[in-house]
Amino acid sequence: MTARGIVIAIGEWNAHEWADAVHAADPSRRLWLWPDVGDAADIGYALVWRPPAGVFARLRNLRAVFSLGAGVDHLVFRDDLPDVPIVRVVDADLTQRMVEWVVLQVLMHHRRQRTYDAQQRARQWHELEQPAAREVRVGIMGMGVLGRAAAAVLVGLGFDVAGWSRRPSTAPGVRDFHGAAELGAFLARTDILVSLLPLTRETRGILNMGLLRQLARDGKLGGPVLINAGRGGLQVEADIVAALHAGVLAGASLDVFETEPLPAESPLWGREDVVITPHCAAASTAVALVPGMMRQIATFEAGGALANVVDRGAGY
Ligand code: NDP
Ligand code: OXD
């Protein structure tokens, strides 16, 4: 008998929302909420987000693991991963949410909104010099699903956009940089750096002082800006604080942090030049994501291939 059951194993989210969405999409399928796995031999699929330790050991007939987020660092660094495909989220709803967050942050810095907020608090009427979008160079690290979608909207707004990724990429209106050899040239033409990289062995700590010092110094915004919605492990927060203090950075928008929730004692909280959001740039919502996962399972069971399977060697 082929295992068709599903287990949902979620560290900190509301598992019942996901269970309701699975049940709505396929009421015939047996569904378990970890740690309750019933007859574990019947479980073929695990829907997981930061799953607790020990989940996989009991699921001996597992056929695929579905990450409930686009990032899979919560899985690939584990040493207990079963040898089955890991599928990550690629979904229009999640992509749209990320595009909104990135564009909001780019515009916030481009249009000096933090300074106008401070002026409003001081009841000050003072117009700042405003460059055109075409005069501002945005550099996107990670031209994957999310980076490309954000780039398309930023190009549409008129920004001068470049992308940097591991391999060459083509996106309309976006200048391509790729690989370690081209990172320096990419940074040297970047006023607003947007990080949408996955967290892997290669990218951990990449947003450090050495990198920030290579950003353009001749831009129209009075100094470069860092925007990170990839993962907190990409950034060295002590370096970001030092870079802001020293004027190496003029501002930052951070959605992700080395430790989440961001500890109350972090110096980032008190900085007017930093925008902080609580890892909410692109939330996974059960209603939007589960139907696609259930369609994937049905296709797989009918002999088709799974889409968006993680390359374990690359780590994303
Ligand atoms: P993709 O896998 O589609 O894209 C990843 C991109 O990063 C690719 O362009 C890839 O290059 C590039 N990349 C990977 N490793 C390197 C490297 N060593 N050097 C240069 N480029 C590299 O991922 P998504 O766009 O779907 O998502 C990106 C990340 O966004 C997720 O991994 C997750 O961490 C984060 N995220 C955050 C959310 C939030 O709410 N804050 C929500 C959703 C996702 P190549 O094209 O050559 O493969
Ligand atoms: C994700 C996230 O990876 O929410 O999808 O961070």
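Reading the values: the criteria
- Residues numbered from 1 in each chain as written.
- Chains lettered and ligands numbered in written order.
- Predicted model: local features only at pLDDT ≥ 70, side-chain atom pairs only at ≥ 80, totals over all residues.
- Heavy atoms only, no water.
- Pairing = 2+ DSSP bridges.
- Helix = DSSP H or I, 4+ residues; strand = E, 2+ residues; numbered from the N terminus.
- Contact = heavy atoms within 4.5 Å.
- Axes fitted to C-alpha atoms, helices over the stretch in contact; angles between N-to-C directions.
- 1 Å grid on protein atoms, 1.4 Å probe; cavity = no way out; pocket = protein on both sides within 12 Å on 5 of 7 lines; lining within 4 Å.
- Points joined across faces, edges and corners; volume = space filled by probe spheres on them.
- Nonpolar A, V, L, I, M, F, W, Y, C, P; charged D, E, K, R; others polar.
- Near = heavy atom within 4 Å.
- Polar contact = N/O pair within 3.5 Å; in protein donor to acceptor, adjacent residues only side chain to side chain.
- Areas by Shrake-Rupley, 256 points an atom, 1.4 Å probe, with all protein chains shown as cover.

Student: Before we go on, may I ask you to explain the sheet that holds strand β2 (residues 31-33) in this structure?
Tutor: In a beta sheet, neighbouring strands are held together by backbone hydrogen bonds and run either parallel or antiparallel to one another. Spatially, β2-β1-β3-β4-β5 is the arrangement adopted by the five strands of the open sheet, whose pairing is parallel. Each having just a single partner strand, β2 and β5 (86-87) make up the two edges of the open sheet. Looking at chain direction, strand β1 (residues 5-10) and strand β3 (residues 43-49) are connected through six bridges and run parallel. For I10, the partnering residue across the bridge sits in β3 and is W49. Sitting on the sheet, helix α1 (residues 15-25) touches β1, β2 and β3, and the angle it makes with β1 is about 155°.

Student: What's the story with the layout of surface pockets in this structure? I'm lost.
Tutor: One way to see where empty space is left: roll a probe the size of a water molecule over the atoms. By volume, the second largest pocket is sized at about 230 Å³. Contributing elements (two or more residues each) for the lining of the second largest pocket: α3 (92-110) and α4 (113-121). Tallying contributions element by element places α4 first for the lining of the second largest pocket, with four residues. Counted by class, the lining of the second largest pocket contains six nonpolar, five polar and four charged residues.

Student: How do you make sense of the site of ligand 2 when you look at a structure like this?
Tutor: Neighbouring residues of ligand 2: W49, G69, A70, G71, L94, R231, H279 and A282. G71 places a main-chain nitrogen or oxygen 2.7 Å from an oxygen atom of ligand 2. A distance of 2.7 Å is found between an oxygen atom of ligand 2 and a side-chain nitrogen or oxygen belonging to R231. Contact with the protein chains hides 89% of the accessible area of ligand 2, taken as 210 Å² for the molecule alone. The residue makeup of the shell around ligand 2, split by class, is four nonpolar, three polar and one charged.

Student: I tried to follow the environment of E272 on my own but got confused; where do I start?
Tutor: On the secondary structure map, E272 appears in the loop between β11 (251-254) and β12 (274-276). Not counting residues up to four positions away in its chain, the partners in contact with E272 are R114, A118 and R121. A distance of 3.0 Å separates the side chain of E272 from the side chain of R121, its partner in a polar contact.

Student: Just to check I follow, could you spell out the site of ligand 1 for this structure?
Tutor: Residues in contact with ligand 1 amount to 28 residues; listed here are only the nearest, R88, V145, R167, D255 and Y316. For ligand 1, a nitrogen atom lies 3.0 Å from a polar atom in the backbone of R166. Contacts to ligand 1 include A229, whose backbone N or O atom sits 3.0 Å from a nitrogen atom. Considering ligand 1 on its own, with 930 Å² of exposed area, one finds that the protein chains cover 92% of that surface. Elements with a contribution of two residues or more to the shell around ligand 1: α3, α5 (145-156) and β7 (160-165). Residue composition of the shell around ligand 1, grouped by class: 15 nonpolar, seven polar and six charged.

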